[in-house]
Every structure is written in structure tokens, then in C-alpha cells.
Amino acid sequence: MNSKSLVITFKADRSLAAAIRGMENRSKFIREAVFAALENVCPVCKGSGILTVNQMRHWDRFAEDHRLRECTGCHEEHLVCAHEPRKRTAHKRHE
């Protein structure tokens, strides 16, 4: 660990602690897992899962012109603009 690194601790239940106990480099695994999770955090709620009253007002305005649509490839829901012509919704990886 270099001089600019910080030590961060967190609580883990027994099952999580047991699952990572035998790992050779737990710190590296946890760092990589946190970075991977951060790449998928909602840009609006920042991962809290809850919108503030003001965020909800903005969302309601946004939702007037946007809809959820299922991807034909992965079957995940995604946002589409109501003003765009309807086209196949599979992303490139599924085409």
C-alpha cells in the first residue's frame, strides 16, 4: 500500500466474512468489486435507490417524453425517447 492509500473498514455478516476468508488477496477483490459496483450506480439517486422530492419532480418531467422498453436481446428495461422513431431496441452485443 502506498503512502496515498487510505484504509477503509466495513462491517460484514458472518456469511460474507466466511465467503471471503480463504481468498488470497481479499483487499484486491473488495477494491475491484467496489469499482465494478460504482460503474453501475444510478446517476440520479447515486445508488441510494431513493429520489428526493426535487429529483422526483425532474424525473416526472423527463418521464413525460420517455418510456421504458424491453430490449429484444437481453430483455432488460431501458429508457427510450418518445420522439425517436421506433426501432429495434437490442443493443449491439445482441444483434
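Residues numbered from 1 in each chain as written. Predicted model: local features only at pLDDT ≥ 70, side-chain atom pairs only at ≥ 80, totals over all residues. Heavy atoms only, no water.

> I'd love a proper account of the pairing of strand β1 (residues 66-70), names of residues and values included.
Note: β1 against strand β2 (residues 77-81), five bridges, orientation antiparallel. The residue bridging His66 from the neighbouring strand is Cys81, located in β2. The turn joining β1 and β2, which pair antiparallel and follow one another in sequence, is formed by six residues; a positive phi near 65° is taken by His75. (Pairing = 2+ DSSP bridges. Helix = DSSP H or I, 4+ residues; strand = E, 2+ residues; numbered from the N terminus.)

> Please provide a residue-by-residue account of a nonpolar patch on the surface, values included.
On the surface, a cluster of nonpolar side chains totalling about 570 Å² of accessible area is made up of Val44, Leu51, Met56, Trp59, Phe62, Leu68 and Leu79. Examining the composition of the nonpolar patch, we find that three residues originate from one element, helix α3 (residues 53-63), more than from any other. One can find Trp59 in helix α3. Classification of Trp59 as partly exposed rests on a relative accessible area of 32%. (Patch = residues over 30% accessible without salt bridge, like charges linked within 9 Å, V, L, I, M, F, W, Y side chains within 5 Å. Areas by Shrake-Rupley, 256 points an atom, 1.4 Å probe, with all protein chains shown as cover. Salt bridge = Lys/Arg side-chain N within 4 Å of Asp/Glu carboxyl O. Buried < 20%, exposed > 50% of the residue type's maximum accessible area, 1.4 Å probe, protein only.)

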